[in-house]
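Observations on chain architecture
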Amino acid sequence: MKTGILAIYDVDISYGNHLMNYISEKEGMPFKTVVFTEKEALYNYLEEQHIDLLLISGEAMDEKFETYDIGKIILLSPGDIFSEYIGYSSIYKYQSSENIIREVLDYYVDVYQESGSIPMNIGKAKVLGVYSPVGRIGKTTFALTMGQILASDERVLYLNLEEFAAFEMLLGKDYSADLSDLLYYYRQYPESLHIKIQIVAQRYNNLSYIPPVVFSEDLRQMKAQEWISFIETINSCGLYDRIILDISSMLENPLEILKYCDEIYMPVPKTGMSLMKVQAFETFLERNHQNELMDKIIKIPMAEVFTGEEGSRYLEEQLWGELGDRIREKQWEKESVCSNLN
């Protein structure tokens with residue numbers, strides 16, 4: 001597998017070393033990072049080596065770098081750019097290292113889309129579906145809580161495929177890109193998805209997630225096979241050990257997506273009319289000879305999980321409350337045996 005080269009040179013040696021260490025510790029980066037503390041050493045390196053991206057402080061920039069084999073030069077800017085370099089791409093150097101990585105990856109995609117070859121890891125994640133034919137049962141609460149627990153030991157990606165997920169309100173964040181943007185990138189440049197996903201993905205505790213769509217039409221227009229191809233492409237990136245799909249019934253043919261999952265977790269009520277809806281769903285599967293799909297389903301009897309808390313405080317309460325304890329202990333395995341709805 002080809003690996004790209006990101007070179008960093010800043011007149012502040014400690015800044016350059018800190019940024020290199022931060023990037024080097026990130027898993028799944030498509031490039032090797034090298035840092036230089038002297039300009040002459042960088043010149044000598046360029047005499048022999050191609051550099052895909054050169055991240056260089058504005059104070060250290062000069063036109064001589066244009067004579068070398070560099071895919072793209074990006075200035076680390078403290079705010080203002082010297083007038084002679086105003087046409088160069090730049091990154092504000094005093095923002096968080098995580099945001100710097102996102103911007104670097106964005107430039108890296110542009111460089112490699114032009115060359116037509118993007119380094120890619122090959123991996124196979126376990127795909128976990130979370131689905132229920134019953135609404136307002138705590139499906140997303142379960143999915144996010146399970147995701148956080150699994151993410152304490154593994155690399156986990158959560159994808160919410162619901163019409164109105166309201167993550168901005170739930171987590172109190174505004175997103176510059178979401179699942180719609182990632183789907184657009186996938187359709188245009190599927191070979192660069194493993195880089196773009198790291199640009200769009202956010203973190204909640206250790207759980208990686210893609211901000212859900214804002215416009216529900218982006219979900220409705222996707223065919224089931226396109227969802228599967230999209231997830232397979234993510235799966236092949238080698239970035240995650242598990243992918244959690246929070247699946248809604250509004251998707252086109254959700255059963256096909258469920259068939260793709262390795263396991264399906266189905267939150268179910270313990271009593272009432274909602275229980276009859278689960279029975280109707282199972283009867284439907286039986287009559288349509290979906291025994292292989294039924295064998296993947298793990299029923300999760302759900303107690304009332306809603307409280308007066310809102311947003312991330314609500315999620316924290318679930319993580320460290322009864323629901324989180326049940327997931328850690330896999331308590332549902334015993335319960336689900338006793339709660340066969342046949």
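Residues numbered from 1 in each chain as written. Predicted model: local features only at pLDDT ≥ 70, side-chain atom pairs only at ≥ 80, totals over all residues. Heavy atoms only, no water.

Evaluated as defined, the whole model comprises 14 aromatic pairs. Look at Phe 142 and Tyr 265: their rings are 5.9 Å apart centre to centre, the planes differ by 40°, and that puts the pair in the tilted class. Placement of Phe 142 in helix α4 (residues 139–150) and of Tyr 265 in strand β11 (residues 263–268) is noted, with a sequence separation of 123 residues between them. You'll find Phe 142 and Tyr 265 in the same group, each marked buried. (Phe/Tyr/Trp six-rings, centres within 6.5 Å; stacked < 30°, edge-to-face > 60°. Helix = DSSP H or I, 4+ residues; strand = E, 2+ residues; numbered from the N terminus. Buried < 20%, exposed > 50% of the residue type's maximum accessible area, 1.4 Å probe, protein only.)

A few words on the side chain of Asp 10. Relative to the helices and strands, Asp 10 is located in the loop between β1 (4–9) and α1 (13–25). Residue classification places Asp 10 among the buried positions, given a relative accessible area of 2%. In terms of polar contacts, Asp 10 uses its side chain to reach the backbone amide nitrogen of Asp 12, at 2.7 Å. A polar side-chain atom of Asp 10 sits 2.8 Å from a polar atom in the side chain of Lys 93. (Polar contact = N/O pair within 3.5 Å; in protein donor to acceptor, adjacent residues only side chain to side chain.)

In space, the 7 strands of this open sheet follow the order β8-β9-β7-β10-β6-β11-β12, with mixed pairing throughout. The outermost strands of the open sheet, each flanked by one partner alone, are β8 (202–204) and β12 (297–301). Strand-to-strand twist in this sheet, taken as the mean axis angle between neighbours without regard to direction, amounts to 25°. Inspection of the sheet shows β8 paired to strand β9 (residues 207–210) by 3 bridges, in the antiparallel sense. Of the residues in β9, the one forming a bridge with Gln 202 is Tyr 209. (Pairing = 2+ DSSP bridges. Axes fitted to C-alpha atoms, helices over the stretch in contact; angles between N-to-C directions.)

A few words now on the nonpolar core. Generally speaking, a soluble globular protein has its nonpolar side chains buried in company with each other. Core analysis: the biggest nonpolar cluster contains 47 residues, and Leu 159, Leu 179, Trp 227 and Phe 230 have the highest contact counts within it. Sorting the residues of this core by element identifies β7 (156–161), α6 (179–188), α7 (193–200), α9 (224–235), β10 (242–247), α10 (254–260), β11 and α11 (273–287) as the ones contributing at least two each. The leading source of residues in this core is α9, at 6 residues. Those residues in contact with Leu 179, other than ones at most four positions away along the chain, are Leu 159, Asn 160, Leu 161, Ile 210, Pro 211, Pro 212, Val 213, Leu 219, Trp 227 and Phe 230. Residues Met 146, Leu 150, Tyr 158 and Tyr 209 belong to the second largest nonpolar core, which totals 29 residues. (Core = buried A, V, L, I, M, F, W, Y, C linked by side-chain atoms within 4.5 Å. Contact = heavy atoms within 4.5 Å.)

Strands sit in the order β2-β1-β3-β4-β5 across an open sheet of 5 strands; the sheet is parallel. If you trace the sheet from one side to the other, it starts and ends with β2 (31–36) and β5 (89–92), each paired once. Across the sheet, the mean angle from the axis of one strand to that of its neighbour is 25°, orientation sign disregarded. In the sheet, β1 pairs with β2 via 6 bridges, with the strands oriented parallel. Of the residues in β2, the one forming a bridge with Ile 8 is Val 35. The sheet contacts of α1 involve β1, β2, β3 (51–57) and β4 (70–77), and relative to β2 the element is tilted by about 165°.

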